[in-house]
Amino acid sequence: MARRGYGGGPADKSRRVLGLLVLASLTVITLDARTDSPLDPVRSAVGAVVGPLEDATATATRPFADAGGFFRTNKSLRNDIATLSAENSRLRGQVSTEPLDRQRLAALDALTRTASETGYSLVAARVIAMGPVQSFTRTVTIDAGSSAGLAKDMTVLNNDGLVGRVVQTTRSTATVLLIIDTDSVVGGRLGTNAEIGFLRGRGSIGDSGRLDLELVDNAVTPSRDDVVVTWGSKNGVPYVAGIPIGRVESVTSSPRQSSRLAVIRPFADFSALDVVGVVVPKGTRGDRPVITEGGAR
Amino acid sequence: MTGLKDATLVAVVCVAVIAQAVVFRFVSVDGVVPNLALVVVVAAAISRGPQFAAVLGFGAGMLLDLAPPADHVAGRWALALVLVGYLAGLVRQDARKSPFMAVVLVGAASFVGTSLFALSGFVLDDGALPVAETLRVIVISVLWDLMLAPFLIPVLLWGIDRLQPLRMAH
């Protein structure tokens, strides 16, 4: 019959095809699992085709996504008012009781000022695609690529704080590994006592998107609500120094572990990323305007 | 003419992959979006059988593995979707009879596919989450696919069936 001719065929043949395809997949996995993958050119070739398509789709669908705001119900707005009033009273309490915070703020201020004084140059970009969580990696695509001066291992941030780093570029798009990914390790520094440590992502987003901070010096206890900023590495690769990452939410220590673990709540909202800035070297020229000197802060 | 038919299927897979990364991120549940590429592969399995679905699964999987923003080891989705396509093709007789069974098949395929992908992640130590978290992601993903299957499967079956008789005429 018609179907036998094409799809079904003898079971033997179909099993042979299955065997071949499984073998092909395993070969690809083996090749790509190496650090210097021979598949990288293929990946960027696919990216060069799919990236612009994603960009066009994002541009076409953005108005519909924004329209979602109109449908927020009266009830949810009322809830917002209740939450905000509660928060307001809590903040009022804090203002009157904590001169200690001022000291903290001064230290933090000094740190963030260094960031704006060193004058990072930023290229602004928008998020156009998000890697599905069922792929178990936390990545997004942004609509600026190598033609805008972007390259691997550049810092990505937004108004709230550190977002991630560029892991791959095509001509017009770039892939960003978010700091909440399990593969991401960021050097961090505590705002109050300048102690350093490493932040690792947990891989989940939304309200449970958290980072684990492991301090190098286990004699130091991070205090709650302490701010963590990037520690920075040589030449700002992959992270430049002084970018706020998040706030200490809780501290755990077990006798077995040599160092203390702090849970960090990131400043950036990873479920609603839109406009981001990519830190580029000074004097970068590309097809996009480069924001320099205190534009952001 | 055959080239045109194949191009149509490739386009459908492309649309599925792009839609799940670009459009569905606005309605994602904790970042989990419906796996449209997998639904297309299952529809192909119901319509054309295991061999065709395995080939399509390989193609769709490689696209999922290589298209930005993917950053995991390439070949993992390909492996998962090849097996999903083949297995779904083996039990397609039941799914062809009733739309309900087709939806159940999509749910089962989604569970098997996402689990296989997660398993390969554990084996390769590539972006593996704790087990509880992984299970949560798999459950949300299955629910998503079950929710969309009643709308997508009839359309896809109609489309893929329509591509076939013309091909046989040549």
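Residues numbered from 1 in each chain as written. Chains lettered and ligands numbered in written order. Predicted model: local features only at pLDDT ≥ 70, side-chain atom pairs only at ≥ 80, totals over all residues. Heavy atoms only, no water.

Draft legend 1. Here's a closer look at the nonpolar core. With 73 residues, the main nonpolar core has Val13(B), Val42(B), Ile46(B), Leu81(B) and Ile153(B) as its most contacted residues. Setting aside its immediate chain neighbours within four residues, Ile46(B) contacts Arg92(B), Ala95(B), Arg96(B), Ala102(B), Leu105(B) and Leu157(B). (Core = buried A, V, L, I, M, F, W, Y, C linked by side-chain atoms within 4.5 Å. Buried < 20%, exposed > 50% of the residue type's maximum accessible area, 1.4 Å probe, protein only. Contact = heavy atoms within 4.5 Å.)

Draft legend 2. Expanded view of the packing of helix H2 (residues 36-48) of chain B against helix H4 (residues 76-90) of chain B. Residue and element names in this part refer to chain B. In contact at an axis separation of 8 Å, H2 and H4 are set at 35 degrees when each is read in the N-to-C sense. Like other packed secondary-structure pairs, H2 and H4 cross with a definite hand, here right-handed. Here H2 contributes Leu-38, Val-41, Val-42 and Ala-45 to the contact with H4, which in turn contributes Leu-81, Val-84, Gly-85, Ala-88 and Gly-89. Its residues assigned to classes, the contact of H2 with H4 comprises seven nonpolar, two polar and no charged. (Axes fitted to C-alpha atoms, helices over the stretch in contact; angles between N-to-C directions. Helix = DSSP H or I, 4+ residues; strand = E, 2+ residues; numbered from the N terminus. Left-handed = near helix turned anticlockwise from the far one by under 90°. Nonpolar A, V, L, I, M, F, W, Y, C, P; charged D, E, K, R; others polar.)

Draft legend 3. Structural context of the UniProt feature "transmembrane region" (unreviewed entry) in chain B. Residues and elements named next belong to chain B. Under the feature "transmembrane region" (unreviewed entry), the UniProt entry names residues 6-24, 36-62, 74-91, 103-123 and 135-160. Segment residues 36-62 splits into 96% helix and 0% strand. End C-alpha atoms: 14 Å apart. Across residues 74-91 one finds 83% helix and 0% strand; the C-alpha atoms that close the span lie 28 Å apart. (UniProt positions renumbered as here; feature names shortened; annotations may be inferred.)

Draft legend 4. Structural view of the side chain of Ser47(B). Residue and element names in this part refer to chain B. Within the secondary structure, Ser-47 is located in helix H2. Note on Ser-47: relative accessible area 0%, which makes it buried. A distance of 2.7 Å separates a polar atom in the side chain of Ser-47 from a polar atom in the side chain of Asp-161. (Polar contact = N/O pair within 3.5 Å; in protein donor to acceptor, adjacent residues only side chain to side chain.)

Draft legend 5. Structural view of a nonpolar patch on the surface. Residue and element names in this part refer to chain B. A surface patch of nonpolar side chains, about 420 Å² in accessible area, is lined by Leu-87, Leu-90, Val-91, Phe-111 and Val-112. For the nonpolar patch, the secondary-structure elements that each account for two or more residues are H4 and helix H6 (99-124). Relative to the helices and strands, Val-112 is located in helix H6. (Patch = residues over 30% accessible without salt bridge, like charges linked within 9 Å, V, L, I, M, F, W, Y side chains within 5 Å. Areas by Shrake-Rupley, 256 points an atom, 1.4 Å probe, with all protein chains shown as cover. Salt bridge = Lys/Arg side-chain N within 4 Å of Asp/Glu carboxyl O.)

Draft legend 6. Region of the structure containing the interface of chain A and chain B. Between chain A and chain B, the residue contacts involve 58 residues of the former and 59 residues of the latter. For the pairing of chain A and chain B, the buried interface totals around 5000 Å² over both sides, and the portion due to carbon and sulfur atoms is 66%. Where chain A touches chain B, the interface holds zero salt bridges. Seen at the junction of chain A and chain B, the total is eleven residue pairs in polar contact (both at pLDDT 80 or more). (Buried area = accessible area lost by both parts, 1.4 Å probe.)

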